[in-house]
Amino acid sequence: MLDITPRQRRLPPRRNPRILTHGSTVDPIPDALLPEPAILARMQRYAGVIARYDGMVAVVREQYEAWDAPYWNLPSGAVEDGETPADGAVRELREESGLVAAAGDLELVWTTRTTADGRVTSRSWNYVVDVSDPAFAVDDPDGSVMEVRWVPVEDAVLLLGKMPYPPIAVPAVDYLAYGIRGRDWGFTLYGETWSWDQ
């Protein structure tokens, strides 16, 4: 299982670790969680969802150019201009899995921020929601999703722990394994080495 304790982790070789981005909301975001407007304009915003049904978690198998192979991930992606993080999470969930949820039903469970070269490069908001209809229907405009399936929580922990991008993998594994809500994770990239804290 992925070690989620604060530490440093060397990334496996890849084309350009600095282009790795991903991440992930509910209602209006408290001002304290938003960066200054000038920083927000340069920063990527992401949203992700742990969708649950009958004790299972939805995971998607994705291939990104910056990754050395396809990996299992949670439904997630970039928050578009004009979207709240929760709206982005709902849209990404629908596109990557076909699962439907309302922004008001999402519960914010953790946030992340990534820093590289001394500046915040991304911010993400990650939610949990129970869905009533388990049917999948992938409609991913990015074409990165190869497969989607329901898996037991224990299997989701193992699958997500293999992902090469700690800002996604570490908080997801931590939440699924321990259920602690409200963590604000900080990840810093030094060359090809990540460090993190919560």
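Everything in this summary refers to the structure shown in the same document. (Residues numbered from 1 in each chain as written. Predicted model: local features only at pLDDT ≥ 70, side-chain atom pairs only at ≥ 80, totals over all residues. Heavy atoms only, no water.)

Attention now moves to the overall build of the protein. Within the protein one finds four helices and ten strands. Secondary structure of the protein in N-to-C order comes out as β-α-β-β-β-β-α-β-β-β-α-α-β-β. Residue burial in the protein is summarised as follows: out of 198 residues, 52% are buried. Counting every atom, the protein has about 9100 Å² of accessible surface; 49% of that belongs to carbon and sulfur. (Helix = DSSP H or I, 4+ residues; strand = E, 2+ residues; numbered from the N terminus. Buried < 20%, exposed > 50% of the residue type's maximum accessible area, 1.4 Å probe, protein only. Areas by Shrake-Rupley, 256 points an atom, 1.4 Å probe, with all protein chains shown as cover.)

Formed by 31 residues in total, the largest nonpolar core has its most connected members in Ile 50, Trp 110 and Leu 176. Counting only elements with at least two residues in this core, the list comes to β3 (56-62), β4 (71-73), β6 (107-116), α3 (153-160), α4 (166-178), β9 (183-190) and β10 (193-197). In this view, Leu 176 contacts Ile 50, Val 57, Val 153, Ala 156, Val 157 and Leu 160; residues no more than four positions away in its chain are not counted. By size, the runner-up hydrophobic cluster in this structure holds 17 residues, among which are Ala 47, Val 49, Ala 101 and Leu 106. (Core = buried A, V, L, I, M, F, W, Y, C linked by side-chain atoms within 4.5 Å. Contact = heavy atoms within 4.5 Å.)

Owing to its 3.6 residues per turn, the α-helix brings residues three or four apart onto one side. Compared with the 18 Å implied by 1.5 Å per residue over 13 residues, the 17 Å span of α4 between its first and last C-alpha is a close match. Where burial is concerned, most of α4 is hidden: eleven out of the 13 residues are buried. Residues of α4 that are buried include every one of Pro 166, Pro 167, Ile 168, Ala 169, Val 170, Pro 171, Ala 172, Val 173, Asp 174, Tyr 175 and Leu 176, and no others. (Expected span 1.5 Å × (residues − 1).)

Moving on, we get to unusual backbone geometry. Phi at Asp 54 takes a positive value of approximately 50°, unusual for a residue other than glycine. With respect to the secondary-structure elements, Asp 54 resides in the loop between β2 (44-53) and β3. Positive phi, normally seen in glycine, also occurs at Asp 117, with a value near 55°. Assignment of secondary structure puts Asp 117 in the loop between β6 and β7 (119-130).

What follows concerns the side chain of Ser 97. Along the chain, Ser 97 turns up in helix α2 (residues 85-97). In terms of polar contacts, Ser 97 uses its side chain to reach the backbone carbonyl oxygen of Leu 93, at 2.5 Å. Not counting residues up to four positions away in its chain, the partners in contact with Ser 97 are Glu 92, Ala 135, Phe 136, Ala 137, Val 138 and Val 148. (Polar contact = N/O pair within 3.5 Å; in protein donor to acceptor, adjacent residues only side chain to side chain.)

This brings us to the packing of aromatic side chains. Tallied over the entire structure, the rule returns nine aromatic pairs. Pairing Tyr 53 with Trp 150 gives two aromatic rings, centres 5.9 Å apart and planes at 45°, and the pair type is tilted. In this pair, Tyr 53 sits in strand β2 while Trp 150 sits in strand β8 (residues 145-152), placing the two residues 97 residues apart along the sequence. By relative accessible area, Tyr 53 is classed as partly exposed at 30%. Taking the relative accessible area as the measure of exposure, Trp 150 reaches 18% and is therefore buried. Plain terms: the ring middles of Trp 67 and Tyr 71 are 5.7 Å apart, the flat faces sit at 80° to each other, and that makes the pair edge-to-face. (Phe/Tyr/Trp six-rings, centres within 6.5 Å; stacked < 30°, edge-to-face > 60°.)

The next thing to look at is the environment of Gly 48. With respect to the helices, strands and loops of the structure, Gly 48 is situated in strand β2. Between the C-alpha atom of Gly 48 and that of Trp 110, which follows or precedes it by 62 residues, the distance is 9.9 Å.

Time to look at the pattern of salt bridges. Opposite charge on two side chains permits pairing when their charged atoms draw close. Tallied over the entire structure, the rule returns ten salt bridges. Its salt-bridge partner being Asp 130, residue Arg 52 comes within 3.0 Å of it at the nearest N-O pair. Highlighted residues: Arg 52 in strand β2 and Asp 130 in strand β7, separated in sequence by 78 residues. With a relative accessible area of 27%, Arg 52 lands in the partly exposed category. One salt bridge in this structure joins Arg 123 and Asp 184, with 3.0 Å as the shortest N-O distance. Here the residue Arg 123 occupies a position in strand β7, and Asp 184 occupies one in strand β9, the gap between them amounting to 61 residues. Exposure remark for Asp 184: the relative accessible area of 30% places this residue in the partly exposed category. (Salt bridge = Lys/Arg side-chain N within 4 Å of Asp/Glu carboxyl O.)

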